[in-house]
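Geometric and topological summary
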Amino acid sequence: MIGNRILYVFALLFLSLVGSAQLLPQKVNYQAVLRNSGGNIIANQSVIVRLAIKANAQILWEEEHFTTTNQFGLITLQLGTGASTGQGNTTQFSSVDWVSGLRTLEVKVNTGSGFITYGDVELISVPYAFVADTALKYPKPQLKLSELTDVDVTGISPNELLRWNGSKWVPADTIKTDHLVVTNKVTVLGGIAVNNFFILGADTIAFVSNDPTLSDSSTQGIATIAAVKAYIDSKFAVGTTGPSGPTGATGAAGQDGVDGQDGATGATGAAGQDGIDGQDGATGATGATGAAGQDGVDGQDGATGATGATGPTGATGAAGQDGIDGQDGATGATGATGATGATGQDGATGDTGATGAAGQDGVD
């Protein structure tokens, strides 16, 4: 997050400024609390932290840590145990020069939007550094060979060498080497022996001769191999090499030897202790969604399940339109005459009608 700021909380045991890397731990404790630009703690979040040791603004060593803040925004790291970023003039933490001047620690943090640099903090002395400083000021030891437990100089003479006899260094009555180079002159006193064959008396070799006739009889000269070979070739001429003879028939294969007995199985060694779990790495970006796969073949219909309980009756739907009247059916047979009903009461006498017209006179 751009604008984040860090409150540094150091709890350092600074170590191995000088002295033996095998005696002092090659790491430095470092703690910090992360807060955002509003001063709120950044809790339970994955972050990347880069720590760089610098001298006069020049990076000597830089390493990277993947870690997660706790519920209080606290991160706890060990400088010297992170992965190298390749920056700086040293390839490993143990090679950092702590002696030649002041050192500062540069901190960079990435909470998801790139690295932000939070400046340099001067590294200060702590108990290990005081011990190292004392070692620097201590007088250099003045030791003698005779005081070393694996050296025996009894009877040694001036200009004599020491050799290792398998258990300690002793005066070298002989020198054994695979390759000896002499850049000036060799003086031999007492003779020369090659593979236990004595080839030269107690004379001083004054020169080496390339004379192929070997005419010089001086006891102070020695002929080269080339001169000796030339002399022998001149005395015993060697003919040309004859043609190679035919290749002999291949001999019969020998019988297989008896198999040796299998050795006893060694005891299984004890299992080593599990190493400390490394810190979880930051969650990577979500990959693109893959293409949808083809629809699988439809499975067979499952058995019909039991009929569920009848649901509540739904509301009555709207009345549908009247259908077309059907054709009249055939007239049914006349039913039987019903029984005569009871005579009703006489009705009221009606009004007298109008007088009718006079009839024609009768015949006299």
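Some details on the overall build of the protein
Of regular secondary structure, the protein possesses 2 helices and 14 strands. Within the protein, residue pairs in contact and separated by at least 24 positions form 48% of the contacts whose partners lie at least 6 positions apart. Accessible area of the protein: about 29500 Å², with a carbon and sulfur share of 52%.

Considering the nonpolar core
If you look at the biggest cluster of nonpolar residues, it comprises 24 residues, and the most contacted ones within it are Val49, Leu51, Ile53 and Phe93. Within the residue set of this core, elements represented by two or more residues are β2 (28-35), β3 (46-55), β4 (58-68), β5 (74-79), β7 (104-110) and β8 (115-122). Looking at this core element by element, the count peaks at 5 residues for β3. Apart from the residues lying within four places of it in its own chain, the contact partners of leucine 51 are Tyr30, Trp61, Glu62, Glu63, His65, Leu77, Leu79, Leu105, Glu106 and Val107.

Let's talk about the packing of aromatic side chains
Applying the stated criterion across every chain, the model contains 3 aromatic pairs. Ring centres of tryptophan 61 and phenylalanine 93 lie 6.4 Å apart, and the angle between their planes is 65 degrees; on these two criteria the pair is classed as edge-to-face. Residue tryptophan 61 is found in strand β4, and its partner phenylalanine 93 is found in the loop between β6 (83-84) and β7; the two are separated by 32 residues along the sequence. Among the residues examined, tryptophan 61 registers a relative accessible area of 4% and is labelled buried. By relative accessible area, phenylalanine 93 is classed as buried at 6%. Plain terms: the ring middles of phenylalanine 93 and tryptophan 98 are 6.0 Å apart, the flat faces sit at 70 degrees to each other, and that makes the pair edge-to-face. The pair formed by phenylalanine 93 and tryptophan 98 is uniform in burial state, with each residue classed as buried. By the ring-pair criterion, three or more aromatic residues cluster together here, those being Trp61, Phe93 and Trp98. Over the face of the ring belonging to phenylalanine 115 we find arginine 50, whose NZ or CZ atom lies 4.0 Å from the ring centre.

Things to note about the environment of isoleucine 42
Along the chain, isoleucine 42 falls in the loop between β2 and β3. Owing to a relative accessible area of 8%, isoleucine 42 belongs among the buried residues under this scheme. Between the alpha carbons of isoleucine 42 and threonine 69 there is a distance of 7.2 Å; along the sequence they are 27 residues apart.

Points about the confidence of the model for the protein
Residues of the protein with pLDDT of at least 70 account for 82%, and the chain-wide mean is 79. Across residues 1-22, where pLDDT falls below 50, the model places 78 contacts with residues more than four positions away in sequence or in other chains.

A look at the pattern of salt bridges
Per the stated rule, a full pass over the model turns up 5 salt bridges. Between lysine 54 and aspartate 120 there is a salt bridge whose closest N-O contact spans 3.4 Å. Taken together, the residues span a long stretch of sequence, with lysine 54 in strand β3 and aspartate 120 in strand β8 at a distance of 66 residues. Taking relative accessible area as the criterion, lysine 54 reaches 9% and is therefore assigned buried. The network of salt bridges with common partners includes Lys54, Glu106 and Asp120.

Examining the sheet that holds β4
Read from one edge of the open sheet, 5 strands run β6-β4-β3-β7-β8, paired in antiparallel fashion. Every other strand in the sheet has two partners, leaving β6 and β8 as the edge strands with one partner each. As judged from the 10 bridges shared by β3 and β4, these two strands associate in the antiparallel manner. Along β4, the bridge assignment pairs valine 49 with histidine 65.

Topic: the pairing of β4
In this structure, the hairpin formed by β3 and β4 is closed by a connection of 2 residues, where asparagine 56 is found at a positive phi of approximately 55 degrees. Here β4 pairs with β6 via 2 bridges, running antiparallel. Looking across to β6, one finds that glutamate 64 is bridged to alanine 83.

Concerning the side chain of lysine 108
Secondary-structure assignment places lysine 108 in strand β7. Glutamate 62 is the oppositely charged side chain nearest to the buried, salt-bridge-free lysine 108, at an N-O distance of 4.0 Å. In contact with lysine 108, not counting residues within four places along its chain, are Ile48, Val49, Arg50, Glu62, Phe115, Ile116 and Thr117.

Thoughts on the environment of isoleucine 53
Along the chain, isoleucine 53 falls in strand β3. The spatial distance from the C-alpha of isoleucine 53 to the C-alpha of leucine 79 is 9.5 Å, given a sequence separation of 26 residues. Ignoring anything within four residues of it in the chain, the contact list for isoleucine 53 reads Gln58, Ile59, Leu60, Trp61, Leu79, Phe93, Val96, Trp98, Arg103 and Thr104.

Conventions used here
Residues numbered from 1 in each chain as written. Predicted model: local features only at pLDDT ≥ 70, side-chain atom pairs only at ≥ 80, totals over all residues. Heavy atoms only, no water. Helix = DSSP H or I, 4+ residues; strand = E, 2+ residues; numbered from the N terminus. Contact = heavy atoms within 4.5 Å. Areas by Shrake-Rupley, 256 points an atom, 1.4 Å probe, with all protein chains shown as cover. Core = buried A, V, L, I, M, F, W, Y, C linked by side-chain atoms within 4.5 Å. Buried < 20%, exposed > 50% of the residue type's maximum accessible area, 1.4 Å probe, protein only. Phe/Tyr/Trp six-rings, centres within 6.5 Å; stacked < 30°, edge-to-face > 60°. Lys NZ or Arg CZ within 6 Å of the ring centre and 35° of its normal. pLDDT = per-residue confidence, 0-100. Salt bridge = Lys/Arg side-chain N within 4 Å of Asp/Glu carboxyl O. Pairing = 2+ DSSP bridges. Lys, Arg positive; Asp, Glu negative; His and termini not counted.

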